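Listed below, chain by chain, are the residues.
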Amino acid sequence: VQLQASGGGLVQAGDSLRLSCAASGGTFSNYVMGWFRQAPGKEREFVARITWGGSSTYYADSVKGRFTISRDNAKDTVYLQMNSLKPEDTAVYYCASVRNPSVRPAEYQYWGQGTLVTVSS
């Protein structure tokens, strides 16, 4: 499975951004999809995940109410809509896939290359 993340950029605090992650090389609907982020000097952290058909989502407390994860299995793509962005959201954002729901990066099997989100104050 190959994952290609896109949509990052430089925005101001309070702005919105939508990340996309396109999958190829596997059966997309067989995988739970997650978004993670890694800020400079920090460990990679869980952001959100969505189950196979999209019926269940789960968010880190730091993004709950501001970010929305969704997926389109017809397009083999998962999205992360980010609203009310804050400077502390600045990080490289990664999409990843796993067979069963998890918030642990080590359990995810496939990873995209990452897309940089920078939020200025």
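Residues numbered from 1 in each chain as written. Predicted model: local features only at pLDDT ≥ 70, side-chain atom pairs only at ≥ 80, totals over all residues. Heavy atoms only, no water.

### What about empty space enclosed by the protein?
Following the criterion strictly, the structure yields one cavity of 30 Å³ or more and no others. By volume, the largest cavity is sized at about 50 Å³. As for the largest cavity, its lining consists of Val 1, Ala 23, Ser 24, Gly 25, Gly 26, Thr 27, Phe 28, Tyr 31, Met 33, Asp 76 and Ser 97. When grouped by side-chain class, the residues that make up the lining of the largest cavity number five nonpolar, five polar and one charged. (1 Å grid on protein atoms, 1.4 Å probe; cavity = no way out; pocket = protein on both sides within 12 Å on 5 of 7 lines; lining within 4 Å. Points joined across faces, edges and corners; volume = space filled by probe spheres on them. Nonpolar A, V, L, I, M, F, W, Y, C, P; charged D, E, K, R; others polar.)

### Quick notes on the nonpolar core
Considering soluble globular proteins, one finds that nonpolar side chains tend to be buried as a cluster. Counting 35 residues, the largest nonpolar core has Trp 35, Leu 80, Met 82 and Tyr 93 as its most contacted members. Elements that contribute at least two residues to this core include exactly strand E1 (2–6), strand E3 (17–24), strand E4 (32–38), strand E5 (45–50), strand E7 (67–72), strand E8 (77–82), strand E9 (91–98) and strand E11 (115–120). It is E9 that provides the largest number of residues to this core, a total of five residues. Apart from the residues lying within four places of it in its own chain, the contact partners of Met 82 are Asp 15, Ser 16, Leu 17, Leu 19, Arg 66, Phe 67, Tyr 93 and Val 117. (Core = buried A, V, L, I, M, F, W, Y, C linked by side-chain atoms within 4.5 Å. Buried < 20%, exposed > 50% of the residue type's maximum accessible area, 1.4 Å probe, protein only. Helix = DSSP H or I, 4+ residues; strand = E, 2+ residues; numbered from the N terminus. Contact = heavy atoms within 4.5 Å.)

### Some details on the state of the cysteines
Counted under the stated rule, the structure contains one disulfide. Here Cys 21 pairs with Cys 95 through a disulfide, and the sulfurs are 2.1 Å apart. Between Cys 21 and Cys 95, the disulfide has an S-S torsion of 65° and is therefore right-handed. Of the two residues, Cys 21 is situated in strand E3 and Cys 95 in strand E9; the sequence distance between them amounts to 74 residues. Overall, the relative accessible area of 0% leaves Cys 95 in the buried class. (Disulfide = S-S within 2.5 Å.)

### Describing the environment of Val 117
The topology assignment puts Val 117 in strand E11. Once the C-alpha coordinates of Val 117 and Arg 37 are considered, the two residues, 80 residues apart in sequence, prove to be 9.4 Å apart. Residues in contact with Val 117, not counting those within four places in the same chain, are Gly 8, Gly 9, Leu 17, Leu 19, Met 82, Asp 89, Thr 90, Ala 91 and Tyr 93.

### So, the pattern of salt bridges
Overall, the coordinates contain five salt bridges when judged by the stated rule. Across the salt bridge formed by Asp 89 and Arg 37, the nearest N and O atoms sit 2.9 Å from each other. Taken together, the positions of Asp 89 in the loop between E8 and E9 and Arg 37 in strand E4 put the pair 52 residues apart, joining distant regions of the chain. The exposure class assigned to Arg 37 is buried, which follows from its relative accessible area of 6%. The partner of Glu 107 in a salt bridge is Arg 104, with the nearest N and O atoms 3.7 Å apart. Residue Arg 104 is classed as exposed on the basis of its relative accessible area, which comes to 55%. (Salt bridge = Lys/Arg side-chain N within 4 Å of Asp/Glu carboxyl O.)

Geometric descriptors of this kind do not, in isolation, establish any biological role.
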